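Analysis of the macromolecular model
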Amino acid sequence: MAKYGMAFDYKLCINCHACEVACKEENGILLGADKHRLWIGESEPVGDFYNLARDKGGFLQHQCQQCENAPCLKACPNDAIYRDENGIIQLYESKCDLSLNCMDACPYDARYVDEKKHITDKCIFCSDTRLSRGETTTACQITCPAKVRIFGDLDDENSEISKILSQREYFTLKPEKGTEPKLFYLV
Amino acid sequence: MALRELVNKIVPIKEDFSIKSLLGFKKTPLNVLVSFMIVGLILLLVWGIAQYLMHGHHAYNVSREHPWGLLISGYIFFVGTSTGLCIIASLGHVFGIKEFNHIGKRTTLLAIITLLPGFIIILSEIGHPVTMMIYNILTPGITSAIWWMGTLYGLVLTFIILEFGFALRGDHKWAVRFGIGGLIADVAAFTTLGSVFAYLVARPIANGPFIPLYFLLTAVVAGAFFMFMIYGFKHKLNFPKEVEVTLIKLAKILGLLLVVTMFFEWWRMITAIYGGMPERADTMMKIVGSSSFWIEMLFAWAIPFVIILVSKGKAIKALFFAAIPALISIFLMRNDMVHYAQMAPMQMLKKTEYQLAPTWIEYFPSPVEWAIAVGALGVCFLLYYVAEKAFDLDEDEHH
Ligand code: SF4
Ligand code: SF4
């Protein structure tokens, strides 16, 4: 029993995509597929050629926000989406009928159709791979050279993520949607 | 002939109904053209479904950003028209407007035969239809609008088939009872279908109470146009007195609904644009700027409304000619509604960090999507033709 979340020191990101590669490798995600499970959003450079610049924080990490109040879960007609004991939004694969309501309902564009399994998929914090083997890190976190990602149990006061969230300011994405995301962007 | 007797015991079928009577229509050029059209449409549907079975969603132009396309809107078109017809069918026996009594049976039939193509379309839209049917029952997602909508439409189909069956048997008491049940379930079902969009907090243009109400209004509008089309063809525009009286009354109801819908549209447009809320105002501006929006407004709303207004509802022949482009416009309007809900790109970066103006998400249906959505019309016409030959659809009661 835990409540997993992730914090991003997003301004450190160098857009190397190591997290994406690690995720694909660890979780068997279709190689070459864009925006599967996680991706990096880029802002456009500003200025005139050849004096271009990019704001610090021009790269933002995206993946399922593991919403406390998850619109995808509510929208599924077959009750195929559920919250597991670690607060991770999961899918009973056999129940997914690909009516794609969850995809239209998710405000974060986090879900996609998995062409191998013919179900909808998204980031589940490596729970069926690394966490089930007893690891305490996700593939993206352990791989990131810039140490952008901090994964851990939000219920545990002594976890790194709880400590950092108590010390630093952060924002969440689209808080006005009432989804209560569990991904936090540190400022 | 044992089967015939068995069927006859349940519902009376016409004496002369046989395969021969089905094929023995008068070979006028128009009839031959219509029969070719029906066969063509059904072949198109079969081809489309075959493509879907072979290639799945890859046969469609839907994408991750735009998961719902023409098949969802084709479904909305058919089931919505069915809801409208169901409401019109109940005007006589349920609401006591006696001019509508004699069209009850035929209109209920029309509601059934427009609902069935809708189901065919939605089954070819869903990735795993069998999984859907199993888990819809085993583990109902009661917080899901789609679950309620699907379940309610199952009820609707059962009720209106029973209503039609009892009406054919001349058992008006039970026909009316199931008619009321069907009406309530149908209004609930179609507005719930609206809520599938209305609940999307992720899509500000769709989120809110507008779409369910708009669905209800446009359902009756579509149903009324469908009536004009079918009755126009049936009587070749030589309407008997009784039908004329009914259609004039229907035209007046239609006129009122057209004004109400335009009024709704207007306020939705203004409230969406006013205040400039991102993803709502800009999307609405995009809608208002598109030519398809104005074409639909012209053919589905303005022209029929002017005809009704100028003639005080009496120009029912003109309405027949207006009905066909109006129905095509409503079909395209359903598609645009689904598209509008999804065309704003999901923006995740904070605005200040996002320098590039977002590009709108494009969608144009693939040939396979067109084939299924349009081909389903063939099923509708075929069923109507068979039912017309098999059953006595004109009311014989006097009460
Ligand atoms: S981010 Fe999207 S997929 Fe993830 S829990 Fe929230 S609504 Fe569901
Ligand atoms: S691995 Fe780290 S630095 Fe590289 S793209 Fe991912 S989050 Fe950014």
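Whatever comes next refers back to the structure up there.
Every value quoted in this text rests on a predicted model; they were computed, and no experiment measured them. (Residues numbered from 1 in each chain as written. Chains lettered and ligands numbered in written order. Predicted model: local features only at pLDDT ≥ 70, side-chain atom pairs only at ≥ 80, totals over all residues. Heavy atoms only, no water.)

Another point: the site of ligand 2. Around ligand 2 there are 14 residues in total, and A:Cys13, A:Cys16, A:His17, A:Cys19 and A:Cys144 lie nearest to it. Residues belonging to the shell around ligand 2 are distributed by class as follows: 10 nonpolar, 3 polar and 1 charged. (Near = heavy atom within 4 Å. Nonpolar A, V, L, I, M, F, W, Y, C, P; charged D, E, K, R; others polar.)

What follows deals with the sheet that holds strand S8 (residues 149–153) of chain A. Residue and element names in this part refer to chain A. One open sheet accounts for 4 strands, arranged S8-S1-S10-S9; its pairing is mixed. Edge positions in the sheet fall to S8 and strand S9 (170–171), since each has one partner strand and no second. Summarising the sheet, strand S1 (residues 4–8) and S8 pair through 5 bridges and their orientation is antiparallel. Across the sheet, Tyr4 pairs through a bridge with Asp153, a residue of S8. Helix H5 (residues 160–167) contacts S1, S8, S9 and strand S10 (183–186) of the sheet and is inclined by roughly 110° relative to S8. (Pairing = 2+ DSSP bridges. Helix = DSSP H or I, 4+ residues; strand = E, 2+ residues; numbered from the N terminus. Contact = heavy atoms within 4.5 Å. Axes fitted to C-alpha atoms, helices over the stretch in contact; angles between N-to-C directions.)

The subject of this paragraph is the packing of aromatic side chains. Tallied over the entire structure, the rule returns 28 aromatic pairs over all chains. On the basis of an interplanar angle of 75° and a centroid distance of 6.3 Å, the ring pair of A:Tyr10 and A:Tyr185 is categorised as edge-to-face. One end of the pair, A:Tyr10, is in the loop between S1 and helix H1 (18–27); the other, A:Tyr185, is in strand S10, and 175 residues separate them in sequence. Here the two residues A:Tyr10 and A:Tyr185 agree in accessibility, since each one is buried. The interplanar angle of 80° and the centroid separation of 6.4 Å between the aromatic rings of B:Phe119 and B:Tyr153 together place this pair among those described as edge-to-face. Remark: B:Tyr153 occurs in helix H7 (residues 145–169) and B:Phe119 occurs in helix H5 (residues 104–125); sequence separation between them is 34 residues. Taken as a pair, B:Phe119 and B:Tyr153 share a single burial class, namely buried. (Phe/Tyr/Trp six-rings, centres within 6.5 Å; stacked < 30°, edge-to-face > 60°. Buried < 20%, exposed > 50% of the residue type's maximum accessible area, 1.4 Å probe, protein only.)

All names here are of chain B. Closest axis-to-axis distance for the helix H10 (residues 241–273)/helix H11 (residues 281–289) pair is 8 Å, and the angle between their directions is 135°. In terms of orientation, H10 lies oblique with respect to H11. Crossing hand, H10 versus H11: left-handed. Listed contacts from H11 to Arg268, Met269, Ala272 and Ile273 of H10 are Ala281, Met284, Met285 and Val288. Among the residues forming the contact of H10 with H11, the class breakdown is 7 nonpolar, no polar and 1 charged. (Parallel < 35°, antiparallel > 145°, perpendicular 65-115°, else oblique. Left-handed = near helix turned anticlockwise from the far one by under 90°.)

Turning to the side chain of A:Gln141, a few remarks are in order. Residue and element names in this part refer to chain A. Along the chain, the position of Gln141 falls in helix H4 (residues 139–143). Judged by its relative accessible area of 12%, Gln141 falls in the buried class. When neighbours within four sequence positions are excluded, Gln141 is seen to be in contact with Thr136, Arg149, Ile150 and Phe151.

All names here are of chain A. A positive phi angle, close to 65°, is found at Arg37, a residue other than glycine. Position of Arg37 relative to the elements: it lies in the loop between H1 and strand S2 (38–42). Within the chain, Phe125 stands out as a residue other than glycine whose phi angle is a positive 55°. With respect to the helices and strands, the residue Phe125 is situated in the loop between strand S7 (119–121) and H4.

Attention now goes to the interface of chain B and chain A. Contacts between the two partners involve 35 residues from chain B, matched on the other side by 46 residues from chain A. Between chain B and chain A we count 3 salt bridges in total. The shortest N-O distance in the salt bridge between A:Lys35 and B:Glu65 comes to 3.8 Å. Secondary structure elements with two or more residues in the side of chain B that touches chain A: helix H6 (129–138) and H7 of chain B. Of the residues forming the side of chain B that touches chain A, the biggest block, 4 residues, is contributed by H6(B). Residue composition of the side of chain B that touches chain A, grouped by class: 16 nonpolar, 13 polar and 6 charged. (Salt bridge = Lys/Arg side-chain N within 4 Å of Asp/Glu carboxyl O.)

Before going further, it helps to spend a moment on the state of the cysteines. Residues and elements named next belong to chain B. Going through the model one piece at a time under the given rule, you end up with 0 disulfides over all chains. We note that Cys86 lacks a disulfide partner, and the nearest cysteine sulfur, in Cys380, lies 15 Å from it. Cys86 sits in the buried class, given a relative accessible area of 4%. (Disulfide = S-S within 2.5 Å.)

Take the pattern of salt bridges next. Close approach of charged atoms allows side chains of opposite charge to pair. The full count for this structure, using the stated rule, is 16 salt bridges over all chains. B:Lys234 is the partner of B:Asp394 in a salt bridge, and the nearest nitrogen-oxygen pair spans 3.9 Å. Taken together, the positions of B:Asp394 in the segment after helix H14 (367–390) and B:Lys234 in helix H9 (residues 210–234) put the pair 160 residues apart, joining distant regions of the chain. The class of B:Asp394 is partly exposed, set by a relative accessible area of 36%. Residue classification places B:Lys234 among the partly exposed positions, given a relative accessible area of 27%. Counted as one network, the salt bridges with shared partners bring together A:Glu26, A:Arg130, A:Arg133 and A:Glu135.

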